Amino acid sequence: MFTIKKYVVADSLEEAYKLNQSKKANILGGLLWMKMGHKTIQTAIDLSNLGLDKIEENDEYFEIGAMVRLRDLEVHEGLNKYFNNAIENCVKSIVGVQFRNCATIGGSIFSRFGFSDPLTCLLALDSYVKLYKGGVISMREFVNMPYDNDILEKVIIKKDNRKISYMSHRNISTDFPVLTCAVSKLGDKFAVAVGARPQKAVLVLDEENILSCDPTKDEIEKFADYVEGKLTFGSNMRASKDFRSHLCKVLVKRCINEVGGM
Ligand SMILES: Cc1cc2nc3c(=O)[nH]c(=O)nc-3n(C[C@H](O)[C@H](O)[C@H](O)COP(=O)(O)OP(=O)(O)OC[C@H]3O[C@@H](n4cnc5c(N)ncnc54)[C@H](O)[C@@H]3O)c2cc1C
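The structure presented is a predicted model; accordingly, all values stated were derived computationally and were not measured. (Residues numbered from 1 in each chain as written. Predicted model: local features only at pLDDT ≥ 70, side-chain atom pairs only at ≥ 80, totals over all residues. Heavy atoms only, no water.)

Enquirer: Help me understand the domain arrangement of the protein in this model?
Expert: Many authors give the size of an interface as the accessible area that is lost as the parts come together. Under the domain assignment, the protein is made up of domain 1 (3–46), domain 2 (55–158) and domain 3 (163–259). Each of domain 1 and domain 3 has a C-alpha centre, and the two are 36 Å apart. (Domains from an automatic or database assignment.)

Enquirer: I'm lost on the pairing of strand β12 (residues 202–205) in this one. Help?
Expert: Remember that side chains alternate between the two faces of the sheet whenever the strand is regular. Judged from the four bridges that link them, strand β11 (residues 189–195) and β12 form a sheet pairing that is antiparallel. Looking across to β12, one finds that Val194 is bridged to Val202. (Pairing = 2+ DSSP bridges. Helix = DSSP H or I, 4+ residues; strand = E, 2+ residues; numbered from the N terminus.)

Enquirer: Even after reading the chapter, I still don't get the site of the ligand, so can you show me in this structure?
Expert: The environment of the ligand is made up of 34 residues, and the closest members are Ile27, Gly30, Thr104, Ser108 and Asp117. In the model, an oxygen atom of the ligand is placed 2.9 Å from a nitrogen or oxygen of the Leu32 main chain. Arg170 places a polar side-chain atom, nitrogen or oxygen, 2.9 Å from an oxygen atom of the ligand. Alone, the ligand offers 970 Å² of accessible surface; in the complex the protein occludes 91% of this. Elements with a minimum of two residues in the shell around the ligand: β2 (25–28), α6 (105–111) and α7 (117–123). When residues in the shell around the ligand are grouped by element, the largest group, five residues, is from α6. (Near = heavy atom within 4 Å. Polar contact = N/O pair within 3.5 Å; in protein donor to acceptor, adjacent residues only side chain to side chain. Areas by Shrake-Rupley, 256 points an atom, 1.4 Å probe, with all protein chains shown as cover.)

The following block contains the structure:
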C-alpha cells in the first residue's frame, strides 16, 4: 500500500510539471503499478482534467494522450485497422479488461518496463513521445533515456503505411510475458523489436539486407538467427535464457510470415 499526503488535480501541464520537480511528487496514471509499491508520496498529481484521454487521427499520424487507457487502444477501430490489429494484440493479454480500463499508456510508456508489451510494439513503428519539457523524441531514443521528472503528454504514431505483426509468449494467459516481439515492414525494410528478454525492448534492423521484399524460407531462417545473435537474453522465474533465445527465433519467423513472408 502507498500513502498520498496531498492530492492535486492539475489545471495545466505547467502546474503539473512544476509540482513534479519535487523528489517526493508523483504523476498519477492509472495507479495500477504505483499501488503495488509502499511509497509515501508527498504530492500526487492527477492529469485527468487536462484532456489527455483522447486518441486523435489525421492524415499523417495518430496522437494518443497520456491518460488514454490500454482498453481504449485495444478497441480503437482506426488504430487497429491501420496497424493490422497489432495495437489490440499488444495489450489484450495484459491482465484483464477491468485492469486495461484503468492502466494508462502514459504510465506504461514512461515507465519503460522490461516486460512492456506496448513498448515493444511501438518500437517497431515510427513512434514518438511528446514530453512536456523535452519535446518530441523518437521512441527509439526515449527507450534508453534516463528517468527524469518530465511529463509524458502524448504518444505519436506516424502513418507511414508500415505493416506490423505483434506476438508475445506467456506461460499462462494474462501473466507477464516471457518474450515480446514485433516485426514491421516498410517497403522492403524490416524492423524487429524484442522485449521481456527480460530486459527492455531493443530494436534490430536488417543491416545486412538478409531479407528480400518477399523473403524466402531460407532468408527468414537466416534473419531469425541474425536477430537472436544480436540480442542478449537472461533467465528469471518465468523462463531460462536458452528458452528465450529459442523463442526469439520462433516469434521473429512467425511475425515475418504475418507481415509478408512465406
Ligand atoms: C499485476 C500487473 C500485471 C501487469 N502485466 C503487464 C503485462 O503483462 N504487460 C505489460 O506490458 N504491462 C503489464 N503491467 C503494467 C501495466 O500495463 C501498466 O503499464 C502499469 O500499470 C503502469 O500504468 P499505470 O497507468 O497504472 O501507471 P501508474 O502506476 O499510475 O504510474 C506508473 C509510473 O509512471 C509515472 N507516470 C504515469 N503517467 C505518467 C505521465 N503521463 N508522465 C510521466 N510519468 C508518468 C508514475 O509517476 C509512476 O512512476 C502490469 C502491471 C501490473 C500491476
